[in-house]
Amino acid sequence: MISVERVLVVGLPLPEFVSYMEDFAHAEEWDPGTVSCVRLDDGPVREGARWRNKSVFRGRTSELEYRLDVRESARLVFIGENNTVTAVDDLRFEPEGNGTRLTYRASLTFKGLAKLATPFLRSEFERLADGVATRLPTAAAARRT
């Protein structure tokens, strides 16, 4: 398993920031690896909501189906899966001044033969996490309602 964590502060109040982040389709704006992310169901975002996420990693396109597994006032957990990997994005929010502190943890568990590549991919995922930490505050502030 590969796990990365970043802590960042976003200039939005906690409820507004959680509302932005609970719609995983916004990953197109803040995740440098995401090419597209489309909601697969309708209605308000709720636990069980699903998205199809297409990402590019090391020149290859992959597709994962994500679901919102935990939806709380200060925590969101998304789980994405395909035949090769299970991804867990665990987002924890705390008020900080006029903004919000986000602890963003992403874990990837590879399946089958892909497990063999795990030790060689850590640095790539660290770079992606750095990109998220750079892009997310600006993307969220740009969506401010």
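Note: the structure precedes this text.
Source: prediction; values computed, not measured. (Residues numbered from 1 in each chain as written. Predicted model: local features only at pLDDT ≥ 70, side-chain atom pairs only at ≥ 80, totals over all residues. Heavy atoms only, no water.)

Observations regarding the overall build of the protein
Now for step 1: For the protein, the helix and strand inventory stands at three helices and seven strands.
Now for step 2: Over its C-alpha trace the protein gives a radius of gyration of 15 Å, about what one expects of a compact globule, namely 15 Å for 145 residues.
Now for step 3: Summarising its shape, the C-alpha atoms of the protein cover approximately 45 × 35 × 25 Å along the three principal directions.
Now for step 4: Looking at the protein residue by residue over its 145 residues, the buried ones come to 44%.
Now for step 5: Contacts spanning at least 24 positions in sequence make up 48% of the contacts within the protein whose residues lie at least 6 apart.
Now for step 6: Surface accessibility of the protein: about 7700 Å² in total, with carbon and sulfur atoms responsible for 50%. (Helix = DSSP H or I, 4+ residues; strand = E, 2+ residues; numbered from the N terminus. Rg over C-alpha atoms; globule rule 2.2 N^0.38 Å. Buried < 20%, exposed > 50% of the residue type's maximum accessible area, 1.4 Å probe, protein only. Contact = heavy atoms within 4.5 Å. Areas by Shrake-Rupley, 256 points an atom, 1.4 Å probe, with all protein chains shown as cover.)

Details of the nonpolar core
Now for step 1: Counting 40 residues, the largest nonpolar core has Phe17, Met21, Trp30, Trp51, Phe93 and Leu136 as its most contacted members.
Now for step 2: Those residues within four positions of phenylalanine 17 in sequence are excluded, and the remaining contacts are Val10, Leu12, Phe93, Thr100, Leu102, Leu136 and Ala140. (Core = buried A, V, L, I, M, F, W, Y, C linked by side-chain atoms within 4.5 Å.)

Some points on the environment of threonine 34
Now for step 1: Its location among the elements puts threonine 34 in strand β2 (residues 34-39).
Now for step 2: Note on threonine 34: relative accessible area 8%, which makes it buried.
Now for step 3: For the pair threonine 34 and glutamate 63, spaced 29 residues apart in sequence, the C-alpha to C-alpha distance is 9.7 Å.
Now for step 4: With residues near it in sequence (within four places) discarded, threonine 34 still touches Ala27, Glu28, Asn53, Lys54 and Ser55.
Now for step 5: Within polar-contact distance, the side chain of threonine 34 engages the side chain of aspartate 31 at 2.9 Å. (Polar contact = N/O pair within 3.5 Å; in protein donor to acceptor, adjacent residues only side chain to side chain.)

A short note on the environment of leucine 128
Now for step 1: Here leucine 128 shows up in helix α3 (residues 118-142).
Now for step 2: With relative accessibility at 23%, the residue leucine 128 sits in the partly exposed group.
Now for step 3: Measuring from C-alpha to C-alpha, the distance between leucine 128 and phenylalanine 57 comes to 9.2 Å, with 71 residues separating the pair along the chain.
Now for step 4: Those residues in contact with leucine 128 that sit more than four places away from it in its chain are Pro32, Gly33 and Phe57.

Let's talk about the pairing of strand β1 (residues 2-10)
The side chains of a regular strand alternate, residue by residue, between the two faces of the sheet.
Now for step 1: Judged by which residues are buried, β1 turns out to be one-sided: Ile2, Val4, Arg6, Leu8 and Val10 face inward and are buried, whereas Ser3, Glu5, Val7 and Val9, on the alternate face, are not.
Now for step 2: Here nine bridges tie β1 to strand β7 (residues 99-110), and the two strands are oriented antiparallel to one another. Following the sheet pairing, serine 3 is matched in β7 by serine 107. (Pairing = 2+ DSSP bridges.)

Examining the environment of proline 13
Now for step 1: Mapped onto the elements, proline 13 comes out in the loop between β1 and α1 (14-22).
Now for step 2: Once you skip the residues sitting within four places of it in the chain, proline 13 turns out to touch Asn98, Thr100 and Arg144.

Section: the sheet that holds strand β3 (residues 50-57)
Now for step 1: Read from one edge of the open sheet, seven strands run β1-β7-β6-β5-β4-β3-β2, paired in antiparallel fashion. For this open sheet the edge positions go to β1 and β2, each flanked by a neighbour on one side alone. When the angles between neighbouring strand axes are averaged without regard to direction, this sheet yields 20°.
Now for step 2: Those strands touched by α1 are β1, β3, β4 (60-72), β5 (75-81), β6 (85-96) and β7, and its axis lies near 165° from that of β6. (Axes fitted to C-alpha atoms, helices over the stretch in contact; angles between N-to-C directions.)

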